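Read off the chains here:
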Amino acid sequence: MADEDVRGSVNRVVMPGDIIGNVADLETSSGKRATLKFGPGLREENGVILAFKAGVLRHRKPATYLIDSNQRRYVPVKEERVIGVVTNRGYDSYKVDIGGSLAASLPNLSFEGATKKNKPNIQIGDIVYARLCVANKDMEPELDCRDVSGKSSGMGQLTGGFMITCSLGLCRKLLSKEFVLLKSLGNYFPFECTVGMNGKVWINASSTSHTIIIANAITNSEYMTNNQVESMVKQIVNGM
Amino acid sequence: MAAEPQPVKKSLSKNVMAMKFMKRKAEADYRRQLEQEKQRAIEESHWVLQGKEERESCIEFEASYVNCEDLYQCGRMSFKKFNPAVEKLFKEMLAKEEEAKSQEWESEESVSDEEMTRRFVIQISV
């Protein structure tokens with residue numbers, strides 16, 4: 001069956017243009033059991049599921065298939081939270097570089113509690129953490145520093161600290177619940193960090209040396225397993 | 001024969017009704033009524049094409065890794081009380097996720113009404 005087809009190519013490398021499965025077959029084989037979910041890197045074209053990214057096809061419970069790939073260029077996706085650098089100030093909006101092909105716009109009024117008379121004062125070069133409220137391939141992405149209920153919930157300007165750029169794969173790793181790096185660093189150093197889905201990590205620690213240590217630990221952890229990460233953190237703490 | 005007293009509709013005096021907060025209440029009621037009427041009109045104006053039922057597809061696409069790989073929604077974290085506000089937010093987010101997950105689990109695991117009836121009938125007949 002087609003379902004078997006898809007399962008057969010799980011954990012194998014797929015290339016752009018590879019056919020993963022047939023929509024009609026998938027619909028009949030999955031029946032009413034569950035909806036199949038296809039994640040990033042897969043799309044439907046002429047009745048077949050097609051890969052459009054190179055990477056490893058992964059399956060996640062209950063019925064999600066996605067392509068696990070790593071890249072440095074960010075492609076904006078709606079509702080993702082990203083870190084950007086303000087590059088220009090307009091009359092009613094800022095231009096923010098989020099690492100995508102186009103700079104995003106951030107309206108002055110899309111901050112919690114902002115009014116026409118009381119706007120946030122953000123300078124060129126400042127860093128903001130925001131949610132993408134418009135993101136599609138034909139339009140300029142748009143940011144919003146409030147969640148759906150209008151609260152800031154951690155978003156807004158990030159003052160002080162230090163920002164590093166890493167790959168999108170590492171950012172996903174840092175945000176996953178299984179990866180222990182930030183938690184184990186947090187056992188030894190007081191610090192705060194913000195991980196954007198666009199490959200930017202902002203770190204704020206009590207001293208410059210701590211910031212450097214944490215930044216290096218993050219960049220080095222890209223291809224490490226949890227055990228390796230833990231021994232690395234131990235080494236760092238012993239070396240201090 | 002004494003006539004039964006007419007049931008008088010209780011109403012407040014003109015002076016009371018002219019007070020600011022009473023007026024405001026009346027206005028709010030009126031506005032709500034208008035809103036409801038408007039809503040009803042909108043609902044009635046919706047129409048459905050006959051005989052063209054959308055076949056429900058069991059395939060959906062999700063563009064974000066956040067939902068596919070079960071990542072943290074919010075990327076702000078703080079450790080060792082460096083920024084207590086962020087730590088509180090993070091805990092709240094975790095609690096919310098936990099709640100959503102348990103709710104999903106509950107709805108999945110619960111026995112349907114028909115199943116319950118069927119079992120009950122079997123139990124009683126035995």
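Keep in mind it's a predicted model, so treat the numbers as computed, not measured.

Colleague: How should I be thinking about helix α6 (residues 226-239) of chain A in this particular structure?
Modeller: Between its first and last C-alpha atoms α6 of chain A spans 20 Å; for 14 residues at 1.5 Å apiece the expected length is 20 Å, and the two agree. Buried residues in α6 of chain A make contact with α4 (181-186) and α5 (208-220) of chain A.

Colleague: Even after reading the chapter, I still don't get the sheet that holds strand β14 (residues 162-165) of chain A, so can you show me in this structure?
Modeller: Strands pair in a sheet through their backbones, by hydrogen bonds, and they do so in one of two ways: parallel or antiparallel. Across the sheet, four strands lie side by side as β14(A)-β16(A)-β15(A)-β2(B); this open sheet has antiparallel pairing. Of all the strands in the sheet, the pair left with one neighbour each is β14 of chain A together with β2 (76-79) of chain B. Within this sheet the neighbouring strands show an average axis-to-axis angle of 20 degrees, counted without direction. Where strand β15 (residues 191-195) of chain A lies against strand β16 (residues 200-205) of chain A, five bridges are found, and the strand directions are antiparallel. Bridge pairing links Cys193 of chain A to Ile203 of chain A in β16 of chain A. Each of β14, β15 and β16 of chain A touches α5 of chain A; the most contacted strand, β16 of chain A, lies at about 150 degrees to it.

Colleague: Looking at this model, I keep getting lost on the UniProt feature "domain: K Homology" (unreviewed entry) in chain A. Mind explaining?
Modeller: Mapped onto this numbering, the UniProt entry annotates "domain: K Homology" (unreviewed entry) at residues 161-208 of chain A. Between the first and last C-alpha atoms of residues 161-208 of chain A the distance is 9 Å; the span itself is 31% helix and 31% strand.

Colleague: Would you take a moment to explain the interface of chain A and chain B for this structure?
Modeller: Taken together, the contacts link 52 residues of chain A with 30 residues of chain B. Buried surface at the junction of chain A and chain B, summed over both partners, amounts to about 3,600 Å²; 59% is from carbon and sulfur atoms. Together, Glu27, Lys177 and Glu192 of chain A form the three largest contributors to the area buried by chain A at its contact with chain B, with a combined 18%. The tally of links from chain A across to chain B stands at four salt bridges.

Colleague: Could you clarify how one ought to interpret the state of the cysteines in this entry?
Modeller: Put plainly, two cysteines are in a disulfide when a covalent bond ties their sulfur atoms together. Residues and elements named next belong to chain A. Applying the stated rule across the entire model yields zero disulfides over all chains. Here Cys166 is not disulfide-linked; the sulfur of Cys171 is the nearest cysteine sulfur, at 3.7 Å. A residue is classified by how much of its surface remains accessible, and Cys166, at 4% relative accessible area, is buried.

Cut-offs applied
Residues numbered from 1 in each chain as written. Chains lettered and ligands numbered in written order. Predicted model: local features only at pLDDT ≥ 70, side-chain atom pairs only at ≥ 80, totals over all residues. Heavy atoms only, no water. Helix = DSSP H or I, 4+ residues; strand = E, 2+ residues; numbered from the N terminus. Expected span 1.5 Å × (residues − 1). Contact = heavy atoms within 4.5 Å. Pairing = 2+ DSSP bridges. Axes fitted to C-alpha atoms, helices over the stretch in contact; angles between N-to-C directions. UniProt positions renumbered as here; feature names shortened; annotations may be inferred. Buried area = accessible area lost by both parts, 1.4 Å probe. Salt bridge = Lys/Arg side-chain N within 4 Å of Asp/Glu carboxyl O. Disulfide = S-S within 2.5 Å. Buried < 20%, exposed > 50% of the residue type's maximum accessible area, 1.4 Å probe, protein only.

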